[in-house]
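Understanding the architecture of this molecule
Listed here are the chains, written in short residue letters.
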Amino acid sequence: MNRLEPVLLAFFFACWLAVLLPVLGLSPLSGSLFLEPRSLYMIAVATGWLSGNLYLRRRQQVPQTLRWRFLVAYLLGPPGLFFLLWAMGPEITQAQAPLVPLYAVGVSSILFLVPIVLRRWPG
């Protein structure tokens, strides 16, 4: 493991923690960022593709026993960023489209799997 994974995991953990703060009533985030759903989807596309390619590259460099941990980290870490960005958006937008972060997770997951599936494709 090099220095990239601890930094990424700390960033994604911080995003998930920041998403939980408004739920607990400690820090209001809504209204601090104007973000359209389309922008969140573009971030999800880029993040999914990048994390899938990073996972493939790092997968070859780690022992077999750590590969599942890397898969979980690279697949489940980035959605924290989507939920954080959506929580920072205006309340009106959040109320009109509450499922946008879940759709962003789906888009990111699909694009995470594209490089992995293409690597195994015969041809």
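Keep in mind the model is a prediction, meaning the values are calculated, not measured.

Some remarks on the environment of Val105
With respect to the secondary-structure elements, Val105 resides in helix H6 (residues 100-120). With 36 residues separating them in the primary sequence, Val105 and Arg69 have C-alpha atoms 19 Å apart. Setting aside chain neighbours within four positions, we find Val105 in contact with Pro79, Phe82 and Phe83.

A few points about the nonpolar core
Counting residues in each nonpolar core, the largest one holds 15 residues, and the members touching the most others are Leu40, Phe82, Leu84, Leu85 and Ala104. Elements represented by at least two residues in this core include exactly helix H1 (4-23), helix H2 (37-59), helix H4 (79-87) and H6. The element that contributes the greatest number of residues to this core is H4, accounting for six residues. Among residues more than four places away in sequence, those in contact with Leu84 are Cys15, Ala18, Val19 and Leu29. Core analysis: the next-biggest nonpolar cluster, separate from the first, contains eight residues, Tyr55, Tyr74, Phe112 and Ile116 among them.

Considering helix H3 (residues 67-76)
Where H3 is concerned, the buried positions are Phe70, Leu71 and Tyr74. The buried side chains of H3 occupy one side of the element, clustering within an arc of 100° when seen end-on. Relative to its buried face, H3 has exposed residues pointing more than 90 degrees away, namely Trp68, Arg69 and Leu76. Taken together, the buried residues of H3 touch H1, H2 and H6.

Parameters and conventions
Residues numbered from 1 in each chain as written. Predicted model: local features only at pLDDT ≥ 70, side-chain atom pairs only at ≥ 80, totals over all residues. Heavy atoms only, no water. Helix = DSSP H or I, 4+ residues; strand = E, 2+ residues; numbered from the N terminus. Contact = heavy atoms within 4.5 Å. Core = buried A, V, L, I, M, F, W, Y, C linked by side-chain atoms within 4.5 Å. Buried < 20%, exposed > 50% of the residue type's maximum accessible area, 1.4 Å probe, protein only. Arc of directions from axis to C-beta.

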